[in-house]
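Chain by chain, the residues run as shown.
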Amino acid sequence: MSAEVAEVQLQVRFITKQEQYAVPDSPYAIQSNVQVADLNTLINALLKETNPSIEKAVEFDFLVCGELLCSSLSEHLQEKGASTEDTLEIEYLERFPAPSPQDCLMHDDWVSTVHAHTNWILSGCYDNSIHIWSTKGQHKLAIPGHTSPVKAVSWVSFEGDQAVFVSGSHDQSAMLWVWNVPRNSVDCVVTCQGHEKGIECLAVSADSTRFATGSWDNNVSLWSTSLTEEDSAPAKKKSKPDHGKAREPLTTLKGHREAVSGVQWMDYNTVLSSGWDHLLKLWDCELGGIKQEIAGNKAFFDVDWSPLNNSIITASADRHIRLYDPRSTESIVKTTFTSHTGWVQSVRWSKTRDTLFLSAGYDGQVKLWETRSPRTPLYDLSGHEDKVLCCDWSNPSLLVSGSCDNTLRIFKAKHYETA
Amino acid sequence: MPPFRKGLLKRKVDAENLEQNERVNTFNQAEDSEQEDLITGEVDAASDTTDSEHEDETEVPSDHERDEVLFNDSADSTFGDDEQADDASGSSSDITDSEDDGESEEGDDSDSEADSGAESGPAPASGDSGSDEDRSTARPAGRVKIKPDAASHHTDTSIDRLADSVHKASVNTQPVTQRDEYSSGDTSDEEDRRNTVGDVPLWWYREYPHVGYDLDGRRIIKPPQRDQIDEFLKKCEDPEFWRTVRDPNTGQDVVLSAQDLELLRRVRAGLVPDAAHDEYAPWVDWFSRDVLATPLRAFPEHKRSFLPSRDEARAVGRLVHALRMGWAKTRRQLADERRQRRQRAFYDLWGAGAAEPRGLQRHIPAPRRPPPGHAESYNPPPEYLLDAQELKEWNKLSETPWKRKYTFLPTRHASLRAVPAYERFTRERFLRCLDLYLAPRAIKMRLTIGPEALVPTLPSPRELQPFPTFEALCMRGHSGLVRSVDFDPSGQYIASAGDDGSVRVWETGSGRCVRVLALGASVARVVWLPAAGLCVLAAAAGPRLLLLAPGTGPRRAVERTDDLLAEAPPDHDVAVDARSAGAATWERVAPEAWARATRASILHARDVAHVAWHARGDYVCATLRPGAAGGAGGARAVLVHQLSRRRSQLPLARCKGLVQCAVFHPTRPQLFVATQRVVRVYDLLKQELVRKLLTGAQWISNMAVHPAGDNLLVCSYDRKCIWFDLELSSKPYQTLRLHGGAVRSVAFHRRYPLFASAGDDDNIVVSHGMVYNDLLQNPLLVPLKQLAGGARAADLVVLELRWHPAQPWLLAACADGTLRLYA
């Protein structure tokens, strides 16, 4: 069959949105059974003709019929049911360079959560401790404080020497910490108590004034990040004076029927939450009500929203990652990404590229996905030997993942400028 | 030639000659001459009344001639005779004929052989046409010669005879021969002389002296017959003879007047009979196309002529209706129909039988005979011929021919020509027909039911999603068999217990072991308290039932649990009967045990095998393992402990058999107690046995109650899962044999219509078990998926199954020390 297909000549036209790699807009006749590598050489040869300034060969990815080309062109076309008669438009773009493993940070227990910033990495551990690492892999601090596994951590703000971060734990409390960087001392400023069960997830709003927590008691709570007392609600008894002042939630959003597994801020006023009750909910923070509901058919484990493309990706209790559009009123999955062999526990969008995201699964794989390639991820970031519990791509150059093998692995994304 | 001239000529022709002439004549000529003779005869008769003899002579040959012609052309014979009989002229000649016959009868009987035989035979009633036929068929050739002779003899005797008879018969009548009246040509008094015989043929009077009756009823006497001489003399003497005709009704001679002759002449010439009629009168065109100034009719048109005809309107309406309805027919179609109707409808004897006869609507064809084989050939291959031994056997079986190999003897013939007739052919055909007739045939409906058709149409598993399909998590930690697992009411945690003497608490989502509670003894059973407000685990460790507080739930619930279980209620609050008091003891919990999360401990007489909570969480039912004493203590094997009052009781007064497990009804105050083969349902309030469910299994291992409470699933060591619909009957609704080994655990999902069963088989079977609210609809059970259990250890694979309370996830306690979560 391939021999028969091999005879077909295709009229193709190469287009790109990256101007520095533009080639003449004239159709070329190529064999239909070309692979990505062949197209790469072709484009590079064309580039060399038009733009002699590019010395090094550039790796490209090719978009055919809106999907990334992985197999040979003929198979791809057959899969998409596209005609081989017309002139085919192949869009090419510079391939995202392969991330390289940079570091492996050893913990004492399972790493349940991680959040990276420009220079620092915050990780939560099942041994109830929070760790601060530098991006270079240097362990800065181990912070005990919680009495149960830490399930969510997030940086809040950096102001001079003072860094603020928040952590949520299964001990039903979230803590607001202040880390004095030069002195390397950390102080729990506020203990947020209001959930009746363990906190599962946590997200800080873009303006760093509030954060939202999702818990096993089916509620989403919004909290203030202010370090002083006056913002918080009326006076309350201080159950744990050694951990700073207690604070009650600004708002509690009730509506989920099962545990809330993920929260994200979409804008100043909107919180997105995912639950084990198969629902994604968009909350209006001011009114405390539900703006929109998207029903899935599996329990959601994690959710992330990208401001770049306004899409929601979810990890649910099966092996698929699903892409939803919050603007559509129907609960229709736009794309399903299937490559993991176990539950997917965590998904994170890239902060800089609107088509890339990261996923971590119980099959020990962290995968880097391109939204236009639903079958095959761009890269498998392997290295973990057990279930991967969390991943983070907040720092565009660092792909961080924490696993049950007590390690936090850092992959460095090669720097490249988007067009 | 004018008729009278011809008549004159004829008179001179000799009868003999005339006859000879006519004999040589062809048919056409004979016909011509016959017509002429007829006319001449009549005309001649008018000329001379006495000259009848001559007329006879001319008449007879014409008769002969006609006979002969008739004989030649037999197709028209009867028709011609009838015509002749009806003919007026024919009848006149008949009268003379009959006279002749009468004469010949009396005169010479023996004289004419053929003629007398022919003419004496017929009775007076027999028709002239009949005698004619006789003559024509009997001896036409011989008679031609004889007849003239006979006629000549007649003439001699007939005159005398007639004269005599006339004299005898007419006694009181006057002779009617009044010639003067007729000679004048005046026929005004003809009315008086009218013969009133009516339609009676005149030859009936042939033998009588009269010819009929007049108006007064008097006989009309025949005029005296003239012989030929008289005729001749009259012909010679009477100048009017040529215009004299005889009236057959009266026998009188009538002299035709000049007008009559003229009329005859005109008729013969083909002219209009009335001479006064002017054929060429000028034509007045009264009704022409020219519009006249004044109408022909002087009265105005009737009003009716201006009104449309109602009949016509009706006819037109009928036509239009027929056109509209499509049953109007063209003229051609009508003509075709008419033609078809005119055609005779033949029964199509050999047709295909478009319309079957009435009695054979469901015709069953006769069974086909098998085609002849090689042995039946006239020249069979040698292997089909019987050899000596076979022939011997053949002959031996002559008494029982149906046992023979063939019903015939295969015989070899050199050629087909040499094959003799098969002597049993008719016999065999008869026997076959007899068979077909005597053995009534019936259409046998063959049942084409394959094994697939008997399988009920179950929905495809794809439609029944969600259900667990793959192993999502594998939790390792136990060092021995994992005997029991349970989800906490919210599904966040899992408790497991095993032979290593520890109770472990796991986090569902990640598979993280959160707590390990070492109890020191092998734990057979661990069950989470179903009420949400408390966080208590019931663990059966040896003879003790321990209530553990893992401390995982909400902080408030943990505190409440501690408060509740810390203080024993005052003694006076607890009333325990003596029988129950000995069955179980609530032990004081040591502080070190309290630190290890033990909150209460109940000591039983024997090891606890099964623990089940009541749905509201205050009662826990413990089933004890049968002790060495055997099955005597069936009633003492089931205990119900009340948590809030720290009280134990034996709910059953007596119970036959070894109790395997006991569980509470989810909503009603009922207790299901499974012994080896029977499940009994007790009402706890009324303290009585409600039902007894016969499982049909040899040894029940476990059971599960549907969350709605109306269905019960029992599994047994003999590889069965038995579904009871409690609303339906106490017999199993369905027995599922899904496993190859003993089934040790079954579980219902609390929300999804799912159940699972597992045991010593390698597979866990997930099934769809839909229970409908409609009582008329039976539960729908569809096996969905086989999930691989853990590794086999000590011939055990899966010891217990539990469903996640909210998600379609299944948890299995495996014998290889793992907990497996399927999602």
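Throughout this description, residue numbers start from 1 for each chain and increase along the sequence as written. To label them, take the chains in the order written and letter them from A, then take the ligands in the order written and number them from 1. pLDDT decides what is reported in this predicted model: residues at 70 or higher carry local features, side-chain atom pairs at 80 or more are listed and counted, and totals for whole chains, interfaces and linings draw on all residues regardless.

Asks: Just checking my understanding: could you explain the pairing of strand β25 (residues 721-725) of chain B for this structure?
Replies: Put simply, side chains in a regular strand alternate between the two faces of the sheet. Residue and element names in this part refer to chain B. Any residue surrounded by 20 or more other C-beta atoms within 10 Å of its C-beta is treated as buried, while 12 or fewer makes it exposed and the intermediate range makes it partly exposed; C-beta atoms here are placed from the backbone. Comment: elements are numbered from the N terminus, with helices defined as DSSP H or I runs of at least four residues and strands as E runs of at least two. Burial analysis of β25 places four of its five residues in the buried class, the great majority of the element. Note that strand β24 (residues 711-716) and β25 share five bridges and pair antiparallel. Looking across to β25, one finds that Asn711 is bridged to Asp725. DSSP calls a pair of strands paired once it identifies at least 2 bridges connecting them. In textbook terms, the turn of a hairpin is the stretch between consecutive antiparallel strands, and for β24 and β25 this stretch comprises four residues, one of which, Arg719, has a positive phi near 70°. With three bridges joining them, β25 and strand β26 (residues 734-736) adopt antiparallel strand pairing.

Asks: Please explain unusual backbone geometry as it appears in this structure.
Replies: Residue and element names in this part refer to chain B. Along the chain, Gln465 connects to Pro466 via a cis peptide bond; the corresponding omega equals 5°. Residue position: Pro466 is located in the loop between α17 (451-454) and β5 (471-476). Of note, Ala794 is a non-glycine position whose phi angle comes to about 55°, a positive value. In this structure, Ala794 sits in the loop between β30 (780-788) and β31 (798-803).

Asks: Whenever I open this one, the UniProt feature "repeat: WD" (unreviewed entry) in chain A confuses me. Can you help?
Replies: Residues and elements named next belong to chain A. UniProt positions are given in the numbering used here, feature names are shortened, and annotations may be inferred rather than shown by experiment. With numbering aligned to this structure, UniProt lists the feature "repeat: WD" (unreviewed entry) at residues 143-177, 192-224, 253-284, 337-379 and 381-419. The distance separating the terminal C-alpha atoms of residues 143-177 is 10 Å; by composition the span is 0% helix and 71% strand. Along residues 192-224 the backbone is 0% helical and 61% strand, and the end-to-end C-alpha distance reaches 9 Å.

Asks: It is not clear to me how helix α14 (residues 331-342) of chain B should be interpreted in this structure. Could you clarify?
Replies: Three- or four-residue spacings in an α-helix give side chains the same orientation, since the helix completes a turn every 3.6 residues. Expected helix span is taken as 1.5 Å per residue step, with the number of steps being one fewer than the number of residues. Taking 1.5 Å as the rise per residue, α14 of chain B with 12 residues should run 16 Å; its terminal C-alpha atoms sit 16 Å apart, in good agreement. Taken across its 12 residues, α14 of chain B has zero buried, putting it largely on the surface.

Asks: Quick question: what am I supposed to make of the interface of chain A and chain B here?
Replies: When the parts come together, some accessible area is lost, and that loss is often what is quoted as the size of the interface. Contact definition: two residues whose C-beta atoms, as placed from backbone geometry, lie within 7 Å. In this complex, chain A contributes 17 residues to the contact, which on the side of chain B involves 13 residues. Under this grouping Gly is polar, as are all residues other than the nonpolar Ala, Val, Leu, Ile, Met, Phe, Trp, Tyr, Cys and Pro and the charged Asp, Glu, Lys and Arg. A per-class count over the side of chain A that touches chain B returns 10 nonpolar, three polar and four charged.

Asks: Even after reading the chapter, I still don't get the sheet that holds strand β29 (residues 763-770) of chain B, so can you show me in this structure?
Replies: Each strand in a sheet pairs with another by means of backbone hydrogen bonds, the pair being arranged parallel or else antiparallel. Residue and element names in this part refer to chain B. With antiparallel pairing, the four strands of this open sheet are ordered in space as β27-β28-β29-β30. Edge positions in the open sheet fall to β27 (743-748) and β30, since each of these has one partner strand only. Pairwise comparison of adjacent strand axes, ignoring direction, gives a mean angle of 20° for this sheet. When β27 meets strand β28 (residues 754-759), the two strands line up antiparallel, connected through five bridges. Across the sheet, residue Phe748 finds its bridge partner in β28, namely Phe755. Every angle, taken between N-to-C directions, lies between 0 and 180 degrees, and every axis is a line fitted to C-alpha atoms, over only the stretch in contact when it is a helix.

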